Every structure is written in structure tokens, then in C-alpha cells.
Amino acid sequence: MSLEVMTLNPVCEHVETAQGVPLTVTGVAQCKIMTAKELLQTASEQFLGKTSQEVQLTILQTLEGHLRAILGTLSVEEVYRDRDQFASLVREVAAPDVGRMGIEILSFTIKDVYDDVEYLSSLGKAQTANVKRDAAVGVAQANRDAGIREAECEKASMDVKYNMDTKVEDNTRLYKLQKSNFDREINTAKAEAQLAYELQAAKTRQKIKTEEMQITVVERRKQIEIEEQEITRREKELIATVRLPAEAESFKVELVAQGQRTQVVEKARADAEKIKLIGAAEATAIENVGRSEAEAMRLKAAAYKQYGEAAILSLVFEALPKIAAEVAAPLAKTDEIVMLSGSSNFSNEINKFVAQVPPAIQALTGVDLSDVLRKIPGAK
């Protein structure tokens, strides 16, 4: 048993409609055996052992029976004008019956509808006659409406023409009236213009004289302005040739002076910093020397304290040659010494000079040279 789609062509010949008009209807149906288990079992029970032609014949007879039954309930116009509705109705009515045989109607369409009594052609002719009649009536109505519209347009055109002619006449009359008024006004204006011309001529001559005087005044003013501009030009020239170069030179000198002042100030700052650093270094050196000399003096004081007068005498004797050298240094540069004194007082002067040496040494060193000499053994 084949499960492929089966194409059937149901034909119902000379089937009377509800109006008793015999029609012949042909259709096309697509059917197949349903594959659902229960429905496939039903189809097997119905068609097992039958050929495909026998199965198709059974389905075809079922469809044709329903097609005949439905045709008997419809009018020719319903069948002819709404074929889709007719095919849907056949499918809906036949589907339950073929479904109980395990068959499914996939599609059903009406292929052709015709008759042998020329009923359908009569419907066409009547329809055609109606259309022609309606067309003739429409043409007549259109012609009538066109004639009416043409008459209305012509009437409107004539109304417009009459209105325009009336307006033209009115405008012509208004034009002539206005022209006469204009001519009168023009003549009046001409007379007034003549009088005004003469008056204006007198005013113009007076104005010309006034203008000539003003021209003279303006020329004088222009001359004064030119002289002032010349003075201004000369002042600007002096400014450009004398003042501006002088100001530039002054500015240059000022800049140079500022540069030199800045250089001097910076140099003075550098020298001050240098002196400050040198002073700090010298102060440090002096401080170190002072500390060294203080330490030496401390050690000498300790030695003097330890050795007593012997050490002091040693130091005095070491310093005497230096003192003598310092005292004699001025005398070494003297070529000769002239002593103004009598011959009897020369020795006295020498003795006085020598006698002044011990007090001087005591003043310098704090040591009484006479006492030191008396303490030397064997000295007198």
C-alpha cells in the first residue's frame, strides 16, 4: 500500500443545482494515506490487498458523491462566482468520511464549471448587456453633464465678459474724470512753479553769494589747517630726528649704566663673599695660632714655675741680643752722630744713656736687670 500523494480528478456531469439547472463540474483533489498509527491501521483495514487504482477509485467516488450533494444545495450563481467557497465546502463535508478510511484531503479545487443549456453563457450575456446598458447610460449622463457644464461655463464666460465691459466703461469714465482733474492740477502747479521758480532764483542767487563767502571762509580754514599740519609735521620730524634718537641714546646709556651697576654690585658681592671667606679662614687660623701660643705660654709658665728665677734669667739673656739689635737698628743706618755738648759733659751723656737701658728692659719684660746682675756670682 503506497503512502504517496494521490491526484484525483472528480467529475460530476449534468448535476442539477437548487434551481434545477444541470451543471457539469470538474475538480482536482490531492489525497494521501495518513501515517498516524491508528489512522494507518484503519487505512490498512480498509484498503489492504487493494491496488492503488482501487484505492483512488474509492476516494474518487466518495468525493464525487459529496460534490453532487453540495451542488444540489447551491444556485448556479453561487457555484460559478465563488468557486473557492464551493471547494472549501466540499472539502469540509468530505473530509470526515475519507478520514474514517485513513485518508487525508490535502487540497481540493474546482477546475471548471459549465453546462449544456447555455445558462452560464446567458448569465454572461445578461451581464454584458447590463454592462453595455450601464455604459450607454453613463455616456449619456456624461454627455448631458458635459452639455450642462459647457452651458454653465459659457454663461459664466458671458457674465465675466459683461462685467469686464462694464468695468472697462467705468474705468474709462474714471480715467477721463481723473485726467481732467490732473490737467487742472497740472496747470495750477505750472503757475505755482513759475512763481516758485522766480522766487527760487532769487534765493539761489542769494545762496550763491552766501556759498561764495563760505567758500572763502573754508579756504582760509583749510589754509590754517594746512599750516597747523605743517607745524605738526615739523614737530614730528623734530621728534623723529632729535628727540627719539636722544631718548634712544638715553635709554642705551641707562641700560649700559644698569649693566655696569649690576656688574659692580655682583663683583662687590663676590669680593665681600671672598673677604668673608678669607676673614673666616684667617679668624680660624688666628684662633688656632692663639690656641697654640696660649698652649706655649701655658707650658712656659709651667716651666717658669718649675725652674724659678733661673729660667727667667735665661729668657732675659736670650732676649737681650734681640733688644739690642732692635735698639741699634736705627743707628746702623746713621752715618755719623753729632752730640751737642761740652767736652766735660760727654762722658756724662754716655753714662745717662747707658743708665736708661735697665729701666727700658724692665718696662718691656718686667725684669729688673740690676737685681739680676747682682745675683750673678762674682758680679758687683
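Residues numbered from 1 in each chain as written. Predicted model: local features only at pLDDT ≥ 70, side-chain atom pairs only at ≥ 80, totals over all residues. Heavy atoms only, no water.

Peer 1: Got a minute to help me understand the overall build of the protein in this structure?
Peer 2: Counting its regular elements, the protein contains nine helices and four strands. Helices (α) and strands (β) of the protein occur, in sequence order from the N terminus, as β-β-β-α-α-α-α-β-α-α-α-α-α. Per-residue burial for the protein yields a buried fraction of 16% across its 380 residues. A separation threshold of at least 6 residues defines the contact pool for the protein, and within that pool the share at least 24 residues apart is 68%. Looking at the protein as shown, the accessible area adds up to about 28900 Å², and 58% of this sits on carbon and sulfur atoms. (Helix = DSSP H or I, 4+ residues; strand = E, 2+ residues; numbered from the N terminus. Buried < 20%, exposed > 50% of the residue type's maximum accessible area, 1.4 Å probe, protein only. Contact = heavy atoms within 4.5 Å. Areas by Shrake-Rupley, 256 points an atom, 1.4 Å probe, with all protein chains shown as cover.)

Peer 1: Quick question: what am I supposed to make of the nonpolar core here?
Peer 2: Where a protein is soluble and globular, its nonpolar side chains tend to be buried together. Grouped together as the largest cluster of nonpolar side chains are 34 residues, with contacts concentrated most on Leu-67 and Phe-86. Put simply, the parts of the chain that give this core at least two residues each are strand S1 (6–8), strand S2 (11–16), strand S3 (22–33), helix H1 (37–47), helix H2 (52–71), helix H3 (76–81), helix H4 (83–99) and strand S4 (103–114). If you tally residues by element for this core, the top one is H2, at seven residues. If we ignore the near neighbours within four places in the chain, the residues touching Leu-67 are Cys-12, Val-25, Phe-86, Val-90, Phe-108 and Ile-110. (Core = buried A, V, L, I, M, F, W, Y, C linked by side-chain atoms within 4.5 Å.)

Peer 1: Looking at this structure, how should I read the side chain of Ser-75?
Peer 2: Tracing the backbone through its elements, the reader meets Ser-75 in the loop between H2 and H3. The class of Ser-75 is buried, set by a relative accessible area of 14%. Contact partners of Ser-75, with chain neighbours within four places excluded, come to Ala-18 and Gln-19.

Peer 1: Even after reading the chapter, I still don't get H4, so can you show me in this structure?
Peer 2: For the α-helix, the turn length of 3.6 residues means that residues three or four positions removed from each other point alike. Here H4 is 17 residues long and its end C-alpha atoms lie 23 Å apart, about the 24 Å a rise of 1.5 Å per residue gives. Within H4, the axis deviates most sharply at Val-93, by approximately 30 degrees, and proline Pro-96 lies no more than four positions further along. Taken residue by residue, H4 has Phe-86, Ala-87, Val-90, Ala-94, Val-98 and Gly-99 as its buried positions. In this fold, the buried residues of H4 make contact with S3, H1, H2, H3 and S4. (Expected span 1.5 Å × (residues − 1). Bend = angle between axes of the 7 residues up to and from the residue.)

Peer 1: Can you help me understand the environment of Ala-95 in this one?
Peer 2: Relative to the assigned elements, Ala-95 resides in helix H4. Ala-95 sits in the partly exposed class, given a relative accessible area of 31%. Put simply, Ala-95 and Ile-105 are ten residues apart on the chain and 6.4 Å apart in space, counted from C-alpha to C-alpha.

Peer 1: Would you mind showing me how to read the pairing of S2 here?
Peer 2: Residues in a regular strand point their side chains to alternate faces of the sheet. As paired strands, S2 and S3 are joined by four bridges and run antiparallel to one another. Bridge pairing in S3 places Val-11 opposite Thr-26. (Pairing = 2+ DSSP bridges.)

Peer 1: Just to check I follow, could you spell out the side chain of Thr-26 for this structure?
Peer 2: Examined against the element boundaries, Thr-26 turns out to sit in strand S3. Judged by its relative accessible area of 14%, Thr-26 is buried. Not counting the four nearest positions on each side in its chain, Thr-26 is found in contact with Pro-10, Val-11, Ile-110, Lys-111 and Asp-112.

Peer 1: For this particular structure, what's the right way to read the pattern of salt bridges?
Peer 2: Side chains that differ in charge, positive against negative, can pair when their charged atoms come close. Under the defined criterion, the tally for this structure stands at eleven salt bridges. Across the pair Asp-165 and Lys-161 runs a salt bridge whose closest N-O atoms are separated by 3.3 Å. Of this pair, Asp-165 and Lys-161 both sit in helix H5 (residues 119–307), separated by four residues, roughly a single helical turn. Overall, Lys-161 belongs to the partly exposed group, its relative accessible area being 45%. Between Arg-233 and Glu-230 there is a salt bridge, with the nearest N and O atoms lying 2.5 Å from each other. In this pair, Arg-233 and Glu-230 are both assigned in helix H5, three residues apart and thus about one turn of the helix distant. Residue Arg-233 is classed as partly exposed on the basis of its relative accessible area, which comes to 41%. On the basis of relative accessible area, Glu-230 is assigned to the partly exposed category, the value being 29%. (Salt bridge = Lys/Arg side-chain N within 4 Å of Asp/Glu carboxyl O.)

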